[in-house]
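For reference, the chains in residue letters:
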Amino acid sequence: MTLVGKKEKIDRRGVIEEDNNTNNGYISHTKNFNRHLLDDFYSTVESTEFYDLAEAILAEIQDPNDVVKCAEVVSKREPGGAFYRAKLWAKISHLLEDIENEKKHNLELRQLCELVGLPPNKAKGYIIQGKAIESVEKAFINTGNLREAPPALFQYAQRQKDRAGEYLIEAAKIFEKKSSATPTQIHREWCHKNGSIKANLDIIKPSDWWAFGHPKWRKKEDFPGSIPGEIYANALYYFAPKTGVAVDAMAGSGMFKRVYDDRDRWQKDSAFDLEIHLFDLHPCRNFIQKHDARKPLPIKADWIFIDPPYFGQSNHLFDGDLAAAKHYAEYLELLKEVIVALTASLLPNGKLCIFLPKWSGLKPENPNYDVPADAYSLAINAGLHWIDAAFVSRARQQEPGSARKNNAAKRYRRMRSDTCVLNVFEKSGV
Ligand SMILES: C[S@@+](CC[C@H](N)C(=O)[O-])C[C@H]1O[C@@H](n2cnc3c(N)ncnc32)[C@H](O)[C@@H]1O
């Protein structure tokens, strides 16, 4: 199949005018039948007839030049326009599937877009919408109400990218219960179950800068000190083996288990099959075992994560020696015991992930402790070697009510600590 520069334009009624000076050579024995079909399609007013003709066009017309014009004409119709525009674009995409050469494929798509004056990125969006509708049809779910839905619903679906099909299946089910549901109501219900699109952006970060503005796993009210689950997801994704033992030795709210149980959301092709264990000095969930991390773990592990109470910031949140340490030297002494015990708990080639922020007093005369660097020295002295680090935004400067602290930081020329460092160490193979 080739597209040639046949000069045609669509008038306001949707009738195709041909420039007979050129001939694209598209000859088919069904041409007359198709021409009638197209003429009827462009001129029909009544909705049921329009739907029947649209289905016939989808089944019969094989020339992408014609399909693209139908998609454009149909888009002006209400109801049904957005639905059939998407389906027709999906059909165009299927018609172009045979073109293996990517450059040639894109060129053909561009030429089709030019024919109807549509930017290619819009066409690609309609293709996503159309393929999402096809998933609903493949799931044998009634598309009757979906067919009449306004364009906004398909745009919401498109924004879910590879979950667009799931989105429309959900929408079709909602329509079955309430045919008058609006796109906003449907979208709200989707976000309620699946999180907003912002929270659904790829959890795994491509670089060592990890900022999670809309954490997917919400904090539990009884444990305000949990970290965004995305940190566990990235620490596992990049540093854990696919099988073996993974431990959170200061498990707090149990966020680690929530994220691991939800790994289909982020593990891509990793297929993790880990044995996970959670410990804490003060367990607050029944799946967390009581254990003081200053003593070796009762099991050996391939991957251990710790998010210790932060120096000088957490004694209002947690019980436990690290949280309560008044002096930095005391804090480091306790941290040393933890790091030595956890190093002993690692299997050969096991990884220890230590998540800590710097501690900066508010004024220049206050101490400024580089806690991650001190933990680094403790880990190296314990016999581990450093393999990587990631820097995680704490988003403190954007917290409500931070203006006074932000202004004070600038006035006193003392930057606030707004980053946690995840240092990752490895035990040598024996
Ligand atoms: C910052 S919280 C961890 C929060 C956890 N990452 C989450 O997302 O829910 C620190 C935890 O360390 C625990 N902890 C403090 N000292 C400990 C110790 N010596 N051994 C084990 N856990 C300890 C505290 O009880 C607290 O639950």
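Calculation notes
- Residues numbered from 1 in each chain as written.
- Predicted model: local features only at pLDDT ≥ 70, side-chain atom pairs only at ≥ 80, totals over all residues.
- Heavy atoms only, no water.
- Patch = residues over 30% accessible without salt bridge, like charges linked within 9 Å, V, L, I, M, F, W, Y side chains within 5 Å.
- Areas by Shrake-Rupley, 256 points an atom, 1.4 Å probe, with all protein chains shown as cover.
- Salt bridge = Lys/Arg side-chain N within 4 Å of Asp/Glu carboxyl O.
- Lys, Arg positive; Asp, Glu negative; His and termini not counted.
- Charge placed at Lys NZ, Arg CZ, Asp CG, Glu CD.
- Helix = DSSP H or I, 4+ residues; strand = E, 2+ residues; numbered from the N terminus.
- Near = heavy atom within 4 Å.
- Polar contact = N/O pair within 3.5 Å; in protein donor to acceptor, adjacent residues only side chain to side chain.
- Nonpolar A, V, L, I, M, F, W, Y, C, P; charged D, E, K, R; others polar.
- Pairing = 2+ DSSP bridges.
- Contact = heavy atoms within 4.5 Å.
- Axes fitted to C-alpha atoms, helices over the stretch in contact; angles between N-to-C directions.
- Phe/Tyr/Trp six-rings, centres within 6.5 Å; stacked < 30°, edge-to-face > 60°.
- Buried < 20%, exposed > 50% of the residue type's maximum accessible area, 1.4 Å probe, protein only.
- Parallel < 35°, antiparallel > 145°, perpendicular 65-115°, else oblique.
- Left-handed = near helix turned anticlockwise from the far one by under 90°.
- Arc of directions from axis to C-beta.
- Core = buried A, V, L, I, M, F, W, Y, C linked by side-chain atoms within 4.5 Å.

Visitor: Can you help me understand a negative patch on the surface in this one?
Guide: Negative charge collects at one region of the surface, where Asp-39, Asp-40, Glu-46, Glu-49 and Asp-52 lie side by side. Going through the elements one at a time, α1 (31–43) and α2 (47–60) are the ones with two or more residues in the negative patch. For Asp-40, the location among the structural elements is in helix α1.

Visitor: Any chance you could explain a nonpolar patch on the surface here in plain terms?
Guide: On the surface, Tyr-376, Ile-380 and Trp-386 cluster together to form a nonpolar patch covering roughly 260 Å² of accessible area. Position of Tyr-376 among the secondary structure elements: in helix α15 (residues 371–381).

Visitor: It is not clear to me how the site of the ligand should be interpreted in this structure. Could you clarify?
Guide: Taken together, 20 residues lie around the ligand, and Tyr-232, Ser-253, Asp-280, Ala-293 and Asp-307 are the ones closest in. Here Ile-227 contributes a backbone N or O atom positioned 2.9 Å from an oxygen atom of the ligand. In this structure, Asp-307 approaches the ligand through a side-chain N or O atom, which is 2.7 Å from a nitrogen atom. For the ligand, the protein covers 98% of the area, taking 610 Å² as the surface of the free molecule. Of the residues in the shell around the ligand, the class split is 11 nonpolar, 6 polar and 3 charged.

Visitor: Please explain the sheet that holds strand β5 (residues 273–280) as it appears in this structure.
Guide: Hydrogen bonding along the main chain pairs the strands of a sheet, whether they run parallel or antiparallel. Spatially, the 8 strands line up as an open sheet ordered β3-β11-β12-β8-β7-β4-β5-β6, and their pairing is mixed. Sheet topology places β3 (209–210) and β6 (289–290) at the edges, where each strand pairs with a single neighbour. Pairing of strand β4 (residues 243–248) with β5 involves 6 bridges; the strand directions are parallel. Across the sheet, residue Val-245 finds its bridge partner in β5, namely Glu-275. Contacting β3, β4, β5, β7 (301–306), β8 (346–357), β11 (385–393) and β12 (419–426), helix α11 (residues 229–239) crosses the sheet at an angle of about 150 degrees to β7. With respect to the sheet, α15 is in contact with β8, β11 and β12, its orientation differing from that of β8 by roughly 160 degrees.

Visitor: Help me understand the packing of aromatic side chains, please; the structure alone is not making it clear to me.
Guide: Within a pair of aromatic rings, the relevant descriptors are the distance that separates the centres and the angle that separates the planes. In total, this model carries 22 aromatic pairs according to the counting rule given. Plain terms: the ring middles of Phe-83 and Tyr-84 are 5.0 Å apart, the flat faces sit at 85 degrees to each other, and that makes the pair edge-to-face. Exposure remark for Phe-83: the relative accessible area of 1% places this residue in the buried category. Pairing Tyr-328 with Tyr-331 gives two aromatic rings, centres 6.3 Å apart and planes at 15 degrees, and the pair type is stacked. Highlighted residues: Tyr-328 and Tyr-331, both in helix α14 (residues 328–345), separated by 3 residues, approximately one helical turn. Among the residues examined, Tyr-331 registers a relative accessible area of 0% and is labelled buried. Aromatic ring contacts, followed pair by pair, group Phe-50, Tyr-51, Phe-83, Tyr-84 and Phe-154 into a single cluster.

Visitor: Could you clarify how one ought to interpret the packing of helix α6 (residues 120–138) against helix α9 (residues 164–177) in this entry?
Guide: The geometry of a pair of packed helices is captured by two quantities: the angle between their axes and the separation between those axes. At a closest axis distance of 8 Å, the pairing of α6 and α9 adopts a crossing angle of 55 degrees. Between α6 and α9, the crossing angle belongs to the class labelled oblique. Crossing of α6 over α9 shows right-handed handedness. Here Ile-128, Gln-129, Ala-132, Ile-133, Ser-135 and Val-136 of α6 come into contact with α9, specifically with Ala-164, Gly-165, Leu-168, Ile-169 and Ala-172. Looking at the contact of α6 with α9, its residues break down into 8 nonpolar, 3 polar and no charged.

Visitor: Got a minute to help me understand unusual backbone geometry in this structure?
Guide: Peptide bonds are trans in most cases, and residues, glycine excluded, mostly fall at negative phi. A cis amide bond, omega -5 degrees, links Glu-78 with the succeeding residue Pro-79. Here Pro-79 shows up in the loop between α3 (64–74) and α4 (81–95). We note that Asn-349 has phi near 65 degrees; this positive angle belongs to a residue other than glycine. Along the chain, the position of Asn-349 falls in strand β8.

Visitor: Would you explain helix α16 (residues 403–412) in this entry?
Guide: In an α-helix, one turn spans 3.6 residues, which is why side chains three or four residues apart end up on the same side. Regarding α16, the residues found buried are Asn-406, Ala-408 and Ala-409. In a view along the axis of α16, the buried residues occupy a sector of 160 degrees, so they form one face of it. Of the residues in α16, the exposed ones pointing more than 90 degrees away from the buried face are Arg-404, Lys-410 and Arg-411.

Visitor: Explanation requested: the nonpolar core in the structure shown.
Guide: Nonpolar side chains tend to gather and get buried jointly when the protein is soluble and globular. In terms of nonpolar packing, the biggest core is built from 65 residues, with Trp-303 and Phe-305 touching the most fellow members. Element by element, the count of residues in this core is highest for α14, at 7 residues. Setting aside residues no more than four positions away along its own chain, Phe-305 makes contact with Ile-227, Ile-231, Tyr-232, Ala-235, Val-247, Asp-248, Ala-249, Met-250, Cys-353, Phe-355 and Leu-422. In terms of nonpolar packing, the next biggest core, distinct from the first, is built from 56 residues, Tyr-126, Ile-127, Tyr-167 and Ile-174 among them.

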